[in-house]
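# Descriptive analysis of the structure
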Amino acid sequence: MSTSYDPYKMLEFILEDILSAIKPSQEDWLARFHVINEFRAVVESVESLRGATVEPFGSFVSRLYSKWSDLDISVEVPSESSVPNFGKRRKLNLLKDIRQALKKRGDAHNLQFIPNARVPLLIYERNHNHQNISCDISINNLQGEIKSKFLLWITRIDDRFHDMVLLVKEWAKAQNINDPKTGTLNSYSLCLLVIFHLQTCVPAILPPLMEIYAGNLVDDFTGESITTERRIQDTCDANIERFSSRSLRRVVNRSSLSELFVTFFEKIEDPFEQSDNAARAVSMIQLTKISDAFEVTHHRLISANHDKSSLIASLIRPQIRSKLIERTSQENSSSRRGHYLGSHPPRAAAVPSPSLNQFQNNPQEARPSIILPHNQFQVKPQEAHPSSIAAQRTRQAFRGQGRMEWRPRGTTDNGF
C-alpha cells in the first residue's frame, strides 16, 4: 500500500519547532520589563528630562518579538503643544544627556550614539538574569509607537499573523537581509510583507487595513495623547469586531502555517518598486541579495528532495539552530523513556498567543504591484495564489495565562 507524500507535513513540524525555540517566555518578558523600569529611573535622574515619560514600542509592544529581539524605547518629552515635535538638534542633546547618565550608572555596555540616522538613536546593552538585551533609545518617536500598537491590534485578528512574522523575521536574519544599516530590510517592512500576504490569500485572512482604520494614524494623532490613543483604539476595536462577526457567515481560510509560509515566498517577488516606502533603506546592491534569498528559499521549500537539516539551516541562525538541536535531542531522550506518546513531542510553552479569531474578505480581482506604504497602514487588497491545501491547523492553546503585553499610557496593572 503506497503512502502519498505530503510536502507540508515535515515543514509544519519544523516551523513549530522553530517557533518553540524563538518565542519568548514569561521570563523573557519580565527581563525586558525590568530593563524598562531601570531605564525609567535613569531618565528621572536627568535634569533636562524633568517630566519626561518612558514608552516602549516596536516588537515588544506589538508582541512580535523573539527571545533575542532588541528593545525599542521612546523618551517622551513634554512641550507646550499637545503632541511634541522637537527639532533634531534638541533630540541629539537629550540623547547625550541620557548617555552621560547611563555611563554614570555603570551597568550599560557597548554604548553607541548614532546622530546621523533618520531617527537619532542611543544604543546600549543591558544584561539581566543572563539575558543580554540591546536597547534602542529615541526621543518622541510618535510614529514608532503608533505603528507598534496598530500591529498589536492586528495580532488579535488571527494568530497566524504573529507566527508568520516571527518565522519570516528569523529567516531574514538567517539570510542576513534584516539590517537596514547594511542596506537590507528593516523588521517593519517584513511585517508589512506578511500583512500583504495574509490580505491576498484566498479567502483573505486579513482585511484591507483601511477597513480597520480609514485615516492616516500619524496625521490623526492630534490633541491630548492619551485621549487620542484611546479614540483610535476604540475605532480599530469596533471595526475588528465587525469583521470578526462577518466571518461567522463566511468561508474561513484554514491554511496551515506551512502552507502560508511556502506561498509567502512564492508571492513576494518584487516588493520594492517605489523609492518612497518603508523599505527605502534597501540599496540596489542588496536588492539582488534579497531577491535571491526569496527565490532560493522558495525553491527549497517546494522541493521534494530537500532534507530536514539543510532546510532548517536556511530558516534559522546557527546559534538558534544549535539550541533547536539540543532541544530535539532532549525531547527524543524523553520519548525513549516514554514521557510522551505520538509522532511529535509536545511544544514548549511560551507567552500565550492571541486567540484565533478568523475572518475573510471577498477575494479581489486586480493584482497591482506590491507597495510598502511609507507613513500609513494602507495596503491595497490584491489577488494572490490560493493555497493548494486547506487543512485545519493544530494549534497550541495556552489557557489560564494572561497576555503579556505593554499597556497604553494611563493604565495601571502590576506596575504598568
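What you are looking at is a predicted structure, and each value in this text was computed from that prediction instead of being measured.

## Side note on the overall build of the chain
A count of helices and strands for the chain gives 13 helices and five strands. Evaluated residue by residue, the chain yields a buried proportion of 52% over its 416 residues. Entry remark: accessible area of the chain is about 19800 Å², with carbon and sulfur atoms responsible for 49%.

## Here we look at the environment of Ile139
By the element assignment, Ile139 lies in strand E5 (residues 131–139). Placed 65 residues apart in sequence, Ile139 and Ser74 show a C-alpha to C-alpha distance of 5.3 Å. In contact with Ile139, not counting residues within four places along its chain, are Ser74, Val75, Val77, Phe86, Lys91, Leu94, Leu95 and Ile98.

## Side note on the nonpolar core
Counting 65 residues, the largest nonpolar core has Phe150, Phe161, Phe261, Phe264 and Leu315 as its most contacted members. For this core, the element with the highest residue contribution is helix H7 (residues 187–199), accounting for nine residues. Residues contacting Phe261, with those up to four places away along its chain left out, are Leu15, Met164, Leu167, Val168, Leu301 and Leu315.

## Re helix H2 (residues 26–44)
Given a rise of 1.5 Å per residue, 19 residues ought to cover 27 Å, and the 27 Å separating the end C-alpha atoms of H2 matches this to within 8%. Residues of H2 that are buried include every one of Asp28, Trp29, Ala31, Arg32, Phe33, Val35, Ile36, Glu38, Phe39, Val42 and Val43, and no others. The secondary structure elements touched by the buried residues of H2 are strand E1 (53–57), helix H3 (59–62), strand E2 (71–76), helix H4 (88–105), strand E4 (121–128) and E5.

## Notes on the confidence of the model for the chain
With 69% of its residues at a pLDDT of 70 or more, the chain shows a mean pLDDT of 76. Here helix H13 (residues 318–336) is the element of the chain with the lowest mean pLDDT, 67, and helix H6 (residues 159–174) is the one with the highest, 97. This model gives residues 270–276 a pLDDT under 50, and the stretch forms 15 contacts once residues within four places in sequence are excluded. Note that residues 335–403 has pLDDT below 50 and, in this model, 178 contacts with residues that lie over four places away or in other chains.

## Overview of the sheet that holds strand E3 (residues 109–114)
One open sheet holds the five strands; their spatial order is E1-E2-E5-E4-E3, and the pairing between them is mixed. The open sheet has two edge strands, E1 and E3, and neither has a second partner. Across the sheet, the mean angle separating the axes of adjacent strands is 25° when strand polarity is ignored. Two strands pair when backbone bridges link them, and E1 and E2 are joined in this way by five bridges, in the antiparallel orientation. Pairing of Thr53 across the sheet is with Glu76, part of E2. Together, E1 and E2 form the strand contacts of helix H5 (residues 142–155), whose direction differs from that of E1 by roughly 50°.

Thresholds, definitions, all that
- Numbers given for residues are sequential positions, taken from 1 along each chain in its written order.
- Where local features are concerned, this predicted model is filtered to residues with pLDDT of at least 70; where side-chain atom pairs are given and counted, the filter is 80 or more; whole-chain, interface and lining totals use all residues.
- To get the side-chain values, all heavy atoms of the structure are used, and hydrogens and water are removed first.
- Every helix listed is a DSSP run of H or I at least four residues long, and every strand listed is a run of E at least two residues long, numbered separately from the N terminus.
- Each residue is assigned to one of three classes by its accessible area relative to the maximum for its type, calculated with a 1.4 Å probe on protein chains only: buried under 20%, partly exposed between the two thresholds, exposed over 50%.
- Here, Shrake-Rupley sampling with a 1.4 Å probe gives the accessible areas, and only protein chains in the shown set may cover a residue.
- In this analysis, two residues are considered to be in contact whenever any of their non-hydrogen atoms come within 4.5 Å of each other.
- To define a nonpolar core, start from buried Ala, Val, Leu, Ile, Met, Phe, Trp, Tyr and Cys residues and group those joined through side-chain atoms within 4.5 Å.
- Expected span, for any helix, means 1.5 Å times one less than how many residues it has.
- pLDDT runs from 0 to 100 and stands for how confident the predictor is about each residue.
- Between any two strands, at least two bridges found by DSSP are needed for them to pair.
- Where helices are involved, their axes are fitted lines through C-alpha atoms of the stretch in contact, as for all axes, and angles between N-to-C directions lie from 0 to 180°.

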